[in-house]
Amino acid sequence: MKKFIKKLVADVKFADAGTGHRLNEERAPKPGPSSASAPAPRRPPSASAQSAGAAALARFEAANNKQNSGLRAQQLEMKRQMQRQASEERSVSAMSTPREPEVIPQLGLKMVCPICGLSCPKPDIAAQFESCLEKELELKPLETTCTMIHTLNKDEEKLAIGVKTLAFFVQNVVKSPNEEKYKKIRVNNAGVQKKIMPLVGGVEFLEIAGFTRIADETDGQEYFIMLETPSIEHLNLCVETLQNSKKTAPTLDRDVKVLQPSVGAIRYELSPDFYRVTKEDLMAEQKRRAEEAERGEMLRTKAMRDRDAGIGMRIYHYTIIRIRFPDGLILQGTFSAHDVVESIFKFVESSLRHPVTFNLITPGCPALKRDSTRLKAAGLVPSGLLNLSTSDQTEFTLLSDELVCKLSDL
């Protein structure tokens, strides 16, 4: 069966090969498709047909242009009407509603450098303070270094340990000035690395006391070595200055202003520094909430509930206090939220032309008591308006001439 199929296949291939020819003869090409079956070429339209088509196309374009121009005209007219209507609505709204007062830049806090007394914005006070410390370091190295130690080290526990360790090293030399072991301190010592090296100003204090940082070539270690023993008076002065120095920090600038009420009052916006939350604030807030949860589980009297009512309000660090005088002028100053009511009375007294007896009254409330109540507890945070009342009659303003020269519109 397989042989029969192979034979059929071979016959089919032989038939497809065409007629036979000699090897020395050229093979005739296969006949191509007949030209009779090709389609006849299309004749172009006549001249009359072409003119008729051109006339029809011109009529179509003219009608289309007329329709588009009419649509564009309608769209422009509608746009003009909408603009007129919007303009009329804006004019009516401007006449019916009062003009919103202009918003000026934020009222930023100002701090006073304790060294040079210069007042500058709070974000710039740190750089100014450090610059003044560097200048003072050249003039008063011992006092300035001790001030840096107590001011620039924020961790109170590490500061106390560092001061105690520095005083211990110097006092050892005072007690035994001939003992060489007290005049050599290894830098890689665990106590030195933990208590002195991280302390800002610690190394500088040792150098002022007489120690010099030297690398020992024998063992490759670094040491604080006292090459020449200073006088006992100098060493005692170093210890005394270190222990008696206090923290020095920039103080809040009252930024005193005298304002005169005006028709076009300006709205002021407070700087974020007035209520910026710190890490300590968050920890205090967490502690407060834990205590509040505990109080919620116990029975409390009305007095206890009233006492806790003021706790948990928004955290503010500073407040703006305004005192309205009988002649209408307003004295404005910036205070810390932890200042006491007494500080407001002193602030007013320092601003008067001459001493007078006065009371400070909150609108709708009795007169303030001149005591140590904090401004936050007195409800004067983040701002407060007080009226000054006095029995003294005068034709002139009670404010000093220096402040009256700073008068500006509210």
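Computed from a predicted model, the values in this text were never measured in an experiment. (Residues numbered from 1 in each chain as written. Predicted model: local features only at pLDDT ≥ 70, side-chain atom pairs only at ≥ 80, totals over all residues. Heavy atoms only, no water.)

Draft legend 1. Summary view of the pairing of strand E5 (residues 222-225). Strand direction decides the pairing type here: strand E3 (residues 184-186) and E5, joined by three bridges, are antiparallel. Residue pairing for E5: Arg186 is matched across the bridge by Tyr223. As paired elements, strand E4 (residues 212-215) and E5 share four bridges and run antiparallel to each other. Opposite Ala215, over in E5, you have Glu222 as the bridge partner. (Pairing = 2+ DSSP bridges. Helix = DSSP H or I, 4+ residues; strand = E, 2+ residues; numbered from the N terminus.)

Draft legend 2. Structural context of a positive patch on the surface. Taken together, the side chains of Lys158, Lys164, Lys194 and Lys195 present a region of like positive charge at the surface. Within the residue set of the positive patch, elements represented by two or more residues are helix H5 (156-175) and helix H6 (190-195). The residue Lys194 is located in helix H6 in this model. (Patch = residues over 30% accessible without salt bridge, like charges linked within 9 Å, V, L, I, M, F, W, Y side chains within 5 Å. Areas by Shrake-Rupley, 256 points an atom, 1.4 Å probe, with all protein chains shown as cover. Salt bridge = Lys/Arg side-chain N within 4 Å of Asp/Glu carboxyl O. Lys, Arg positive; Asp, Glu negative; His and termini not counted. Charge placed at Lys NZ, Arg CZ, Asp CG, Glu CD.)

Draft legend 3. Focus on helix H8 (residues 232-244). With 13 residues, H8 extends 18 Å from end C-alpha to end C-alpha; this agrees with the ideal 18 Å at 1.5 Å per step. Along H8, the positions that sit buried rather than exposed are Leu235, Cys238, Val239, Thr241 and Leu242. The arc that holds the buried residues of H8, viewed along the axis, is 165 degrees, so those residues lie on one side. The inward-facing, buried residues of H8 abut helix H4 (141-152), H5 and helix H7 (202-209). (Expected span 1.5 Å × (residues − 1). Buried < 20%, exposed > 50% of the residue type's maximum accessible area, 1.4 Å probe, protein only. Arc of directions from axis to C-beta. Contact = heavy atoms within 4.5 Å.)

Draft legend 4. Quick peek at the sheet that holds strand E2 (residues 119-121). The three strands lie next to each other as E2-E1-E6, forming an open sheet whose pairing is antiparallel. In this open sheet, the two edge strands, each paired with only one partner strand, are E2 and strand E6 (251-252). Where strand E1 (residues 110-112) meets E2, three bridges bridge the pair, whose relative direction is antiparallel. Directly across from Val112, in E2, lies its bridge partner Ser119.

Draft legend 5. Inspection of the pairing of strand E9 (residues 330-336) at higher detail. Within E9, seven of the seven residues are buried, which leaves it mostly tucked inside the rest of the structure. A two-sided burial pattern is seen for E9, the buried positions comprising Ile330, Gln332, Thr334 and Ser336 on one face and Leu331, Gly333 and Phe335 on the other. In this structure, strand E8 (residues 318-324) lies alongside E9, joined through seven bridges in antiparallel fashion. Each residue of the ladder has a partner; that of Ile323, found in E9, is Leu331. Here E8 folds back onto E9, and the loop between the two strands holds five residues, one of which, Gly328, carries a positive phi near 95 degrees.

Draft legend 6. View of the sheet that holds strand E11 (residues 383-390). Judged by pairing direction, the sheet is mixed, and its six strands sit side by side in the order E10-E11-E8-E9-E7-E12 without closing on themselves. Of all strands in the sheet, those with a lone pairing partner are strand E10 (358-361) and strand E12 (407-409), marking the two edges. In this sheet, adjacent strand axes meet at a mean angle of 35 degrees when their direction is disregarded. (Axes fitted to C-alpha atoms, helices over the stretch in contact; angles between N-to-C directions.)

Draft legend 7. The arrangement of unusual backbone geometry in detail. Following Val381, the chain continues to Pro382 via a peptide bond in cis, the omega torsion being 5 degrees. Take Pro382: it is sitting in the loop between E10 and E11. In this structure, Asp255 is a non-glycine residue whose phi angle is positive, near 50 degrees. Residue placement: Asp255 occurs in the loop between E6 and strand E7 (257-260).

Worth remembering: the numbers are spatial, not functional.
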